[in-house]
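# Examination of the molecular architecture
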Amino acid sequence: MSLLELRDITYTVSGRTILAGLTLAVEAGEVHALLGSNGTGKSTLASLIMGCQGYQPDSGDIVFADTLINHLKIYERALLGISMAWQEPARFEGLRVRDYLTLGRVTDQPESTLRLVGLEPSRYLSRMVDRSLSGGERKRIELASILALRPKLAILDEPDSGIDLLSTDDIIRVLDHLRCAGSAVLLITHRDEIAAAADQASQICGGRIVCTGNVAQVTADFKNKKCISCDGEVCSDE
Amino acid sequence: MNEFDELMSALGTAGGDQATLADPAIAHLVVVGNRIVSSRSLPGLEVAADETEGGVRMMIRLREGTHLTTPVHTCFGVVHREGEQQINIEVVLERNSSARFIAHCLFPKAERVRHIMDAHIEIGEGASMGYQERHYHGPFGGIEVIPKATVRVGSGGRYTSDFTLTDGRVGSLAIDYDVEAAEDAVVELTARVYGHGDDEIRIQERVVLDGKNARGIIKTRIAVEDDALAEVTGITEGNAAGARGHVDCMEIIRDRAVAKAIPIVSVTNSQAKVTHEAAIGSVDKHQLETLMAHGLAPEEAVDVIVKGMLG
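Model, not experiment: these values are computed from the prediction.

## Considering the interface of chain A and chain B
Listed by partner, the interface residues are 21 residues for chain A and 18 residues for chain B. Top element by residues in the side of chain A that touches chain B is helix H2 (residues 74-80) of chain A. It accounts for 4 residues. Residue composition of the side of chain A that touches chain B, by class: 14 nonpolar, 5 polar and 2 charged.

The following block contains the structure:
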């Protein structure tokens, strides 16, 4: 049994089908890259797994650690071991980085998780998680918070967007650290070099998983706009 | 327990430290009802206070060039269920002086209490005044608080005020601050209030930037729940070249509470600039979901967001 199983998920918004019978499995301890063009449903899928408000599948099952979680709320899913780093992390007035990194059932010290994402603790622990942080700093702190939680499944929605190219190594270090800690990762990304750090990859197109397997092969197909489902028509909008 | 001890007990509840009043290096004034029960001054700081029928009349003067390194503590309160306290204060900071004031306003048992404060503050050229006002009104909501202040900040002077009422009930609060800033003066007004039950919060703050390059910000953070009401009016006028002003109001509402924000900006000089932003609504969904993804229950997540916003 896989850690996460998405079985034949459909999801529509205002009559428009976003996910159309999507099936995907993520194994325990695996880093699984999810590749797809803009508008193919990647972030929607992340929100469905996390259980965000308004994201309930029309049909299909979301099973996590042998438990059907379709009707669980976000925090109930978090307590089961799912957490998520959003593409655009929220900002909080008056909440210090130190306090943010110790929310919930954290296991690691904020100092160590900050260092893992390339931030010097002495410069950041007392700062606020608010608009004073740059987009890149905020994303790194979000990754640090996921590291501190050590979830069974971490959903990382485009952790590389908004972060300078030089920090690719930081993201790969985060993935390695999560893997070593036994966390599975669903990694949503557009970048080859980030996806290359995964153990397995899937391509999403037209609201379905069109292929799953070897990272290099899936990445190459995605890059070459090869898609067995739409023959490149949908995938070529990137 | 006598009135002074009761007030000190309330001070502890409100997060204050009674030890500061015993420290000979710290100036203070303690008023219970209309009685001055304790006071201490320091070199360069003159404090004259008289008891009046309904409260106290005070004159505070900081002599030219005096810089107080420790804050002046004032403690006002009514410890009975019913009562009225009227505080009239005149504060003068002479040229190039600086001081911080911390005012504790304590009404721990208020069921029918009225507290009126009328302050006139003159900040001289190059002088700096920081003013923090911390309120604790107890759990009953039977209090009416009417703080009114007119402040004139001289050239190169600085005035910062920070009003906080986030523990216990508010009752009825009507703040009315009016600040004029001369050339190169800086004004920062902050108010944080958390209303519950049928509390009523009305805040009007006005900053007039009359001097060249004067700067001002009005920042208001309000949370209201149950049937509470909040109405915030932030007025900034830019009347001189280089004047810069900003009005920033954020209000979170829950349950049946109602909040209004009325930013009024006015510019009469083409080289002045005044901006405003206001956000009112329920707790931000994205913030809430982010915290819940850390395993916080909804009520815990709301608590973190509201406490953060209220500082």
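The discussion continues.
## Digging into the pairing of strand S17 (residues 244-253) of chain B
Residue and element names in this part refer to chain B. In terms of burial, S17 is largely enclosed, as 7 of its 10 residues are buried. Relative to S17, strand S15 (residues 215-224) is paired through 10 bridges, and the arrangement is parallel. Note on S17: the bridge partner recorded for Arg221 is Met250. Sheet analysis places S17 next to strand S19 (residues 273-281), joined by 9 bridges and oriented parallel. When the sheet's bridge partners are listed, Asp248 is paired in S19 with Glu277.

## Side note on the packing of helix H6 (residues 135-149) of chain A against helix H7 (residues 168-180) of chain A
Residues and elements named next belong to chain A. Direction vectors running N to C along H6 and H7 enclose 10°, while the axes themselves pass 11 Å from each other. With respect to their mutual orientation, H6 and H7 come out roughly parallel. Contact residues: H6 offers Arg140, Leu143 and Leu147, while H7 offers Asp170, Val174, His177 and Leu178. For the contact of H6 with H7, the residue count by class is 4 nonpolar, 1 polar and 2 charged.

## Description of the sheet that holds strand S1 (residues 28-32) of chain B
All names here are of chain B. Strands sit in the order S2-S1-S5-S7-S9-S11-S13-S15-S17-S19 across an open sheet of 10 strands; the sheet is mixed. A single partner strand is all that each edge strand has here, and the edge strands are strand S2 (35-40) and S19. Neighbour-to-neighbour, the strand axes of the sheet open up by a mean angle of 5°, direction not taken into account. The pairing of strand S7 (residues 98-106) with strand S9 (residues 128-136) spans 9 bridges and is classified as parallel.

## So, the sheet that holds strand S18 (residues 258-267) of chain B
Residues and elements named next belong to chain B. The strand order across the open sheet formed by 9 strands is S3-S4-S6-S8-S10-S12-S14-S16-S18, and the pairing between neighbours is mixed. Each of the sheet's edge strands pairs with one partner strand only, and the pair in question is strand S3 (45-51) and S18. Neighbouring strand axes in the sheet, compared pairwise and without regard to direction, differ in orientation by 5° on average. Summarising the sheet, strand S16 (residues 229-238) and S18 pair through 10 bridges and their orientation is parallel. Within the sheet, the bridge partner assigned to Thr233 lies in S18 and is Ile262.

Each value, and the rule that gives it
- Residues numbered from 1 in each chain as written.
- Chains lettered and ligands numbered in written order.
- Predicted model: local features only at pLDDT ≥ 70, side-chain atom pairs only at ≥ 80, totals over all residues.
- Contact = placed C-beta atoms within 7 Å.
- Helix = DSSP H or I, 4+ residues; strand = E, 2+ residues; numbered from the N terminus.
- Nonpolar A, V, L, I, M, F, W, Y, C, P; charged D, E, K, R; others polar.
- Buried ≥ 20, exposed ≤ 12 C-beta atoms within 10 Å, placed from the backbone.
- Pairing = 2+ DSSP bridges.
- Axes fitted to C-alpha atoms, helices over the stretch in contact; angles between N-to-C directions.
- Parallel < 35°, antiparallel > 145°, perpendicular 65-115°, else oblique.

In short, geometric facts, not functional conclusions.
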